[in-house]
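Next come the chains, spelled out residue by residue.
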Amino acid sequence: MSPERLKPNKSSHERLLGIALTLLDADTLESLEALSVTWLLFEHLRMLDRERSDGHSAVEFADMLQAHARDILARVRSEVTDDLTVFDKLEPAAEGRFFQWVKGEPHRYTLREQGLTYALGLAVIEELRTAIRNGRDAQEALQTVLEPIAALHQTADATIAALTIACLDQKMPEQISVALLVGFAQLQNPDDALTASVKGLALRRARVFCKACEVLWIAPTPAPNADWLENSLHAIKRHPEVWMEMQPFLDKWLRYWWPDVRVDYKVQHAQSSLDDERRDAEAERDRRINSLNEVEREYLSRLIRQQASPHRLIQLALQFCSGMPLESFASSLACASFSMALTPTPFSPHDELSSLILFNRRDWLATRDQLLAHATRLASPGTSVAGRWAAVTLLRATGTLVDSAKAHKLVLELTKDRDRFTSWRRVESYCATDPCDPDSDRPDNIDDTACKYTQLDVGQLKLFMGMNEHDHFVESALPGLVRFSPEVAVRKHREFLTALPNRRGLPLRQATWAALNDAALIDSALATRLLALSISLSRDHAGVDNESVGHVQQALLLAALPHLSPQEQFAGVEAISDPNRIWLELLRLVKDGSPSQLMDVVRLHDPSDLRVAVPLVLAGRMDNEPFPGFASILPALLASPHTLVRSAALHLAGITGDPEALEAVVASGWTSWAVSPPTYEHIRGSVALIEAARIGMVAAHEILPRIDLLSGATALRRRALRNFGIYIACALTHSEMSSKGIELLTLLQEDTSFVRVQYTLAGLPLEAVALWWSADGVSVNRLRFARLDACSNDQELALEAATAIYTGKAAILKAYVDDRLSSLLPVDLARAITVAGFSNDERLASEVAANFAGDEGLLVTAARSSQYAMERYRWSKHWFNKMLTSSTAEDFWTASVLFLKVVDARFPAEHQDEPVGTEVFNTWWWSVERRLKQRFDRWANKRKKTLFGSKVPDPIYLPQAQ
């Protein structure tokens with residue numbers, strides 16, 4: 001409620017405050033946020049009704065307000081534009097909070113804003129009363145009365161006011177409240193500030209909200225704001241009295257059934273005559289129903305026949321049941337399973353039904369017992385296909401090994417006459433065994449693939465931004481060839497690289513990106529040609545678009561870089577068309593050269609040339625070397641118009657500690673306040689001046705006005721406070737204030753930051769890293785286990801496990817697995833199995849998965865998924881070691897292809913330092929490292945779609961949503 005909406009008459013204001021507090025004390029409200037202006041005025045009038053001694057009741061006053069509203073609406077219909085809300089001769093006893101005098105005209109008055117809204121709300125209700133009394137449609141009546149109200153720009157306010165009054169008045173017919181809720185759901189963009197108020201109304205009239213939901217969700221298309229009703233009921237369903245009112249509706253909705261749903265679906269997707277399709281579909285429907293035995297007809301008798309699809313409403317019922325006890329709904333859930341099996345369509349909420357049962361943590365054991373009894377009856381001898389499929393759904397949904405085995409047996413019986421199809425992937429047509437598996441045998445079909453690869457025209461590769469059939473062939477066939485016919489793959493890819501300088505335009509651009517992947521196969525002669533091409537593009541773009549030419553230059557240079565001398569590398573960098581956009585990756589890999597060589601390159605450039613920043617940046621990596629003549633050219637560099645040049649020069653002066661260079665900085669008059677907007681130059685210049693003061697070259701008080709003392713604080717302010725708090729909390733757990741650290745960690749785990757801090761290329765989140773880095777203990781482990789429990793897909797579980805590995809806490813993952821394996825709930829077992837597969841403990845994953853062998857089901861799928869993840873972890877280690885010890889570029893490249901097919905987030909978690917191997921490995925590792933992020937993203941996209949190896953459920957059924 002906004003206070004300024006009511007005029008501050010002290011005595012009446014105190015009365016309104018007293019009303020609000022009384023409602024709060026009486027548990028009528030959960031919070032003052034729920035108290036809207038209309039709600040407060042309603043209670044205000046009700047209290048006045050008890051206090052009046054003048055014979056004017058609240059009902060009479062409401063009639064007077066309605067009369068004013070009717071007059072106003074009549075004026076609108078008559079197209080009156082002046083004094084729409086002005087009246088003569090206000091009754092002396094009228095309540096002043098609703099009316100006010102027209103200034104300067106004591107015989108005229110108008111309605112206050114809140115009075116007008118309240119009056120229109122009453123008028124809407126009265127119109128609905130009239131419609132219902134005379135047998136007219138309430139929704140049509142609502143639209144009719146809202147038409148003139150729209151001219152007053154009061155549609156939303158009047159609807160919400162009417163809704164509030166109707167829900168608060170216990171004598172109000174439910175039809176009116178339902179009609180108003182349905183009308184509210186059709187409004188455009190209602191004020192979010194009303195959320196608490198609508199929830200408060202739902203708490204008062206849950207039954208009405210359920211009736212309105214039935215109207216809205218049985219409709220074929222969703223209403224714009226129907227989710228307001230859904231969210232309100234979700235928020236209050238744990239109130240015992242609310243749940244008691246909701247249960248009959250949910251029980252009924254779960255038993256809704258439309259026998260023609262399959263007929264309708266087939267007619268809509270008919271390929272032949274509509275009449276023929278309808279006749280065939282209806283005949284199929286009748287055959288299904290006629291084939292039911294006595295047991296199934298008992299379930300059929302419990303279904304409630306509908307005239308339109310109830311699937312949206314059934315789905316809503318399933319969602320409302322999430323997080324609540326299910327035993328009392330077992331019969332209705334069995335009926336829902338039966339109805340979906342009797343009239344199957346792709347649109348039935350079959351997955352939601354299974355998710356609800358599977359993720360039930362309130363009374364899983366008792367519910368399972370009830371569902372097993374229903375499954376036994378539905379699968380008894382003589383039941384039809386529909387009954388047995390319904391039993392399969394119930395058996396699969398419990399999640400246990402025993403029930404899944406029974407379901408599998410039924411499926412085999414139901415599908416015994418169907419053709420059996422084995423899984424097939426295109427890649428298997430090129431290599432029948434998995435080439436990434438070090439133990440796999442050479443397949444019979446690899447020679448045919450090698451022959452096709454040899455005949456491939458490299459001129460047809462990488463021609464467009466997308467992939468053509470030849471590109472797809474290379475992508476699919478390459479892993480098998482590098483494993484079993486590496487000489488064929490090496491020869492063809494070198495042929496592709498050799499032809500690259502002859503390309504122009506888009507084909508040149510696309511081939512250049514591919515060349516970076518095959519950089520290890522480039523020899524010195526080709527590197528010289530690529531350097532020449534890179535330099536020439538600064539003069540002739542060779543058909544490459546202006547936006548891309550600088551990037552193509554750098555990619556060509558990067559691919560050739562290991563074969564080039566420092567002078568050749570500098571020449572290539574200087575030729576880049578846009579020095580402002582030089583890749584950091586390129587600068588990191590460029591050979592430094594000697595300090596004197598770098599200074600010679602600096603002197604060759606005018607300080608106004610941005611290219612002079614390149615040798616300065618490279619020199620910044622050699623902080624222990626003296627740079628001859630640097631101090632003499634520093635003043636000119638500090639006068640450069642480019643902040644990048646000034647920043648690099650200041651950084652070099654600060655880290656070398658060269659007294660002459662620092663003296664030049666002091667004498668230059670450089671000040672941080674002249675740099676706008678703030679950049680690294682602020683910090684680097686301030687550091688250089690502080691270093692000069694430290695060695696006594698200048699007095700500290702002289703540099704204070706020139707440096708940015710707040711540069712560090714400014715950076716800190718820009719970082720989200722939550723992130724800083726997480727760092728502090730982690731540190732506190734390692735001190736005598738560990739309990740405070742745990743409290744802070746607990747609080748911050750439930751929030752998010754605008755600035756996201758991540759570790760490693762896999763993107764380990766700060767909040768996870770800090771928690772796993774925290775001091776070990778029961779309370780911290782409880783938080784760690786809670787994070788693992790809350791993961792809603794396999795990608796989140798994989799990242800959490802990788803975080804434990806990254807922080808050296810892999811042993812705690814085993815403790816988690818052991819703890820969850822002791823649970824009776826299949827979802828806990830599946831989570832433990834999955835975490836074991838994402839750990840770095842091969843023995844643990846193998847032992848856990850071995851206990852859940854079978855043909856199908858949640859736990860079997862989880863075990864297979866766990867084995868799949870652990871196998872690829874083991875394979876990635878094998879191929880990484882091959883790269884690490886490779887003696888030729890060809891061996892390195894072939895191993896890298898296979899490594900990049902299987903490596904996941906565990907690799908950077910275990911290799912936090914730059915890996916060092918043979919000379920070949922050290923030379924070409926960058927060409928693999930730059931593609932790790934892409935590989936991790938592919939894993940992420942795949943694993944986000946699954947949980948425990950199965951399709952990821954709707955989040956509402958998961959623990960964190962409940």
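Everything below is about the structure printed above this text.
What counts as what
Residues numbered from 1 in each chain as written. Predicted model: local features only at pLDDT ≥ 70, side-chain atom pairs only at ≥ 80, totals over all residues. Heavy atoms only, no water. Pairing = 2+ DSSP bridges. Helix = DSSP H or I, 4+ residues; strand = E, 2+ residues; numbered from the N terminus. Axes fitted to C-alpha atoms, helices over the stretch in contact; angles between N-to-C directions. Core = buried A, V, L, I, M, F, W, Y, C linked by side-chain atoms within 4.5 Å. Buried < 20%, exposed > 50% of the residue type's maximum accessible area, 1.4 Å probe, protein only. Salt bridge = Lys/Arg side-chain N within 4 Å of Asp/Glu carboxyl O. Expected span 1.5 Å × (residues − 1).

A. Layout of the sheet that holds strand S3 (residues 105-111). Here 3 strands make up an open sheet; going across it, the order is S1-S3-S2 and the pairing antiparallel. Since the sheet does not close on itself, it has two edges, and those belong to strand S1 (86-88) and strand S2 (99-102), each with one partner. Between one strand and the next, the sheet's axes are offset by a mean angle of 45°, whatever the strand orientation. Where S1 meets S3, 3 bridges bridge the pair, whose relative direction is antiparallel. Residue pairing in the sheet places phenylalanine 87 in a bridge with tyrosine 109 of S3.

B. Region of interest: the nonpolar core. Judged by nonpolar contacts, the single largest core of 135 residues is most densely connected at Leu586, Phe630 and Phe899. If you tally residues by element for this core, the top one is helix H47 (residues 889-902), at 9 residues. Residues Phe249, Trp257, Leu372 and Tyr957 belong to the second largest nonpolar core, which totals 127 residues.

C. Structural context of the pattern of salt bridges. The tally for this structure, following the rule as stated, stands at 39 salt bridges. Arginine 136 serves as the salt-bridge partner of glutamate 127, at 3.9 Å between the closest nitrogen and oxygen. Under the relative-accessibility criterion, arginine 136 is labelled partly exposed at 41%. Between arginine 906 and aspartate 904 there is a salt bridge; the shortest N-O distance is 2.8 Å. Judged by its relative accessible area of 2%, arginine 906 is buried. A single network of salt bridges, built from pairs that share partners, joins Glu174, Arg207 and Lys211.

D. Focus on helix H4 (residues 113-133). Compared with the 30 Å implied by 1.5 Å per residue over 21 residues, the 30 Å span of H4 between its first and last C-alpha is a close match. Glycine 135 sits one or two positions beyond H4 and adopts a positive phi of about 75°.

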